[in-house]
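Here are the chains, one letter per residue:
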Amino acid sequence: MDVHPDLEPIAFLLGRWEGAGVIGYPSIESANFGQEILFGHNGKPFLTYESRSWLLDADGNKVRPLSREAGFWRIQPERQLEVCLAHPTGIVEIYVGEVVFHKIELQTDVVARTASAKEYSAGRRIYGLVNGSLMYAYDMAAVGQPLQSHASAELKKAAEFTGEP
């Protein structure tokens, strides 16, 4: 299926990405994690997005699931970007930002939480394609803490896009 022409600035994301990174925050112990991200499309002017991660032990083995999120990435005029994400923990985020070459900078515009969700008020994400790897950093403001580093990872392309996930 052909990629919608509006998606050209973010088409480099298409496919399955896998890798590892580091998480930490004042309320949690620093640890290594593994991650898989899937970017797909159905011919319309948005990307589908799914991410899952798991805690890794010192040898790189999966210990337990960590987080999941799913949503849509919508390109707007002048390389502006809107990202809608939902989490099974009762949090929904809308990010806005821009694409400059193979670098994407996003910050939350809206955060909504269910009554049972942990306190979370803001996020900032930076993604970049560097030497064929998808690098990213994620900052968050949560549980009474100001916006600060939470996770970063390096992901390698594991598979090209072959159809909508």
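Residues numbered from 1 in each chain as written. Predicted model: local features only at pLDDT ≥ 70, side-chain atom pairs only at ≥ 80, totals over all residues. Heavy atoms only, no water.

Peer 1: Would you mind showing me how to read the overall build of the protein here?
Peer 2: Assigned secondary structure in the protein consists of 0 helices and 10 strands. By the compact-globule yardstick of 15 Å for 165 residues, the protein fits well, its C-alpha radius of gyration being 16 Å. The C-alpha extent of the protein, read off along each of the three principal axes, is 45 × 35 × 25 Å. Here the protein holds 165 residues, and 39% of them are scored as buried. Summarising the internal contacts of the protein: among those between residues at least 6 apart in sequence, 41% fall at separations of at least 24. When the accessible surface of the protein is totalled, it reaches about 9,000 Å², and 53% of it is carbon and sulfur. Looking at charge distribution, the protein has the averaged site of its 15 positive side-chain charges lying 3 Å from that of its 21 negative ones. (Helix = DSSP H or I, 4+ residues; strand = E, 2+ residues; numbered from the N terminus. Rg over C-alpha atoms; globule rule 2.2 N^0.38 Å. Buried < 20%, exposed > 50% of the residue type's maximum accessible area, 1.4 Å probe, protein only. Contact = heavy atoms within 4.5 Å. Areas by Shrake-Rupley, 256 points an atom, 1.4 Å probe, with all protein chains shown as cover. Lys, Arg positive; Asp, Glu negative; His and termini not counted. Charge placed at Lys NZ, Arg CZ, Asp CG, Glu CD.)

Peer 1: Can you walk me through unusual backbone geometry in this structure?
Peer 2: Even without a glycine there, the phi angle at Arg 79 is positive, about 60 degrees. Secondary-structure assignment places Arg 79 in the loop between β4 (62-76) and β5 (80-87).

Peer 1: Help me out: how do you make sense of the side chain of Ser 53 in this one?
Peer 2: Mapped onto the secondary structure, Ser 53 falls in strand β3 (residues 47-56). Look at Ser 53 and you get buried, because its relative accessible area is 7%. Side chain to side chain, Ser 53 and Ser 67 meet in a polar contact 2.9 Å long. In contact with Ser 53, other than residues within four places in its own chain, are Phe 33, Gly 34, Gln 35, Pro 65, Leu 66 and Ser 67. (Polar contact = N/O pair within 3.5 Å; in protein donor to acceptor, adjacent residues only side chain to side chain.)

Peer 1: Any chance you could explain the pattern of salt bridges here in plain terms?
Peer 2: Where charged atoms from two side chains of opposite charge come close, those side chains can pair. In the structure shown here, the tally under the stated rule is 9 salt bridges. A salt bridge links Arg 16 to Glu 36; the nearest nitrogen and oxygen atoms lie 3.8 Å apart. A residue pair is termed long-range when its members are at least 10 positions apart, and Arg 16 in strand β1 (residues 15-25) and Glu 36 in strand β2 (residues 28-40) qualify at 20 residues. Salt bridges sharing partners connect three or more residues here, namely Arg 16, Glu 18, Glu 36 and Arg 52. (Salt bridge = Lys/Arg side-chain N within 4 Å of Asp/Glu carboxyl O.)

Peer 1: What should I look at first to understand the pairing of β4 in this one?
Peer 2: Moving residue by residue along a regular strand, the side chains alternate between the two faces of the sheet. Alignment of β3 against β4, held across 9 bridges, turns out to be antiparallel. When the bridges of β4 are listed, Arg 52 appears paired with Arg 68. Between β3 and β4, which pair antiparallel in sequence order, lie 5 residues; one of them, Gly 60, sits at a positive phi of approximately 85 degrees. Note that β4 and β5 share 7 bridges and pair antiparallel. When the bridges of β5 are listed, Trp 73 appears paired with Val 83. Between the end of β4 and the start of β5, which pair antiparallel, lie 3 residues, with Glu 78 showing a positive phi angle near 60 degrees. (Pairing = 2+ DSSP bridges.)

Peer 1: What's the story with the pairing of strand β8 (residues 120-130) in this structure? I'm lost.
Peer 2: Where strand β7 (residues 103-113) and β8 come together, 5 bridges link them in antiparallel fashion. Bridged to Ile 104 within β8 is Tyr 127. Linking two consecutive strands that pair antiparallel, namely β7 and β8, is a turn of 6 residues. Between β8 and the antiparallel strand that follows it, strand β9 (residues 133-142), lie 2 residues; Asn 131 among them carries a positive phi value of about 50 degrees.

Peer 1: Honestly, the nonpolar core in this entry has me stumped. Any pointers?
Peer 2: Generally speaking, soluble globular proteins have nonpolar side chains that are buried together. Within the largest apolar cluster, 34 residues are counted, with the highest numbers of intra-cluster contacts made by Ile 10, Leu 13, Phe 39, Trp 73, Leu 81 and Ile 104. No other element matches β9, which puts 5 residues into this core. For Leu 81, the residues in contact, after removing those within four places along its chain, are Ile 10, Trp 73, Arg 74, Ile 75, Tyr 95, Val 96, Gly 97, Glu 98, Val 99, Ile 104 and Leu 106. (Core = buried A, V, L, I, M, F, W, Y, C linked by side-chain atoms within 4.5 Å.)

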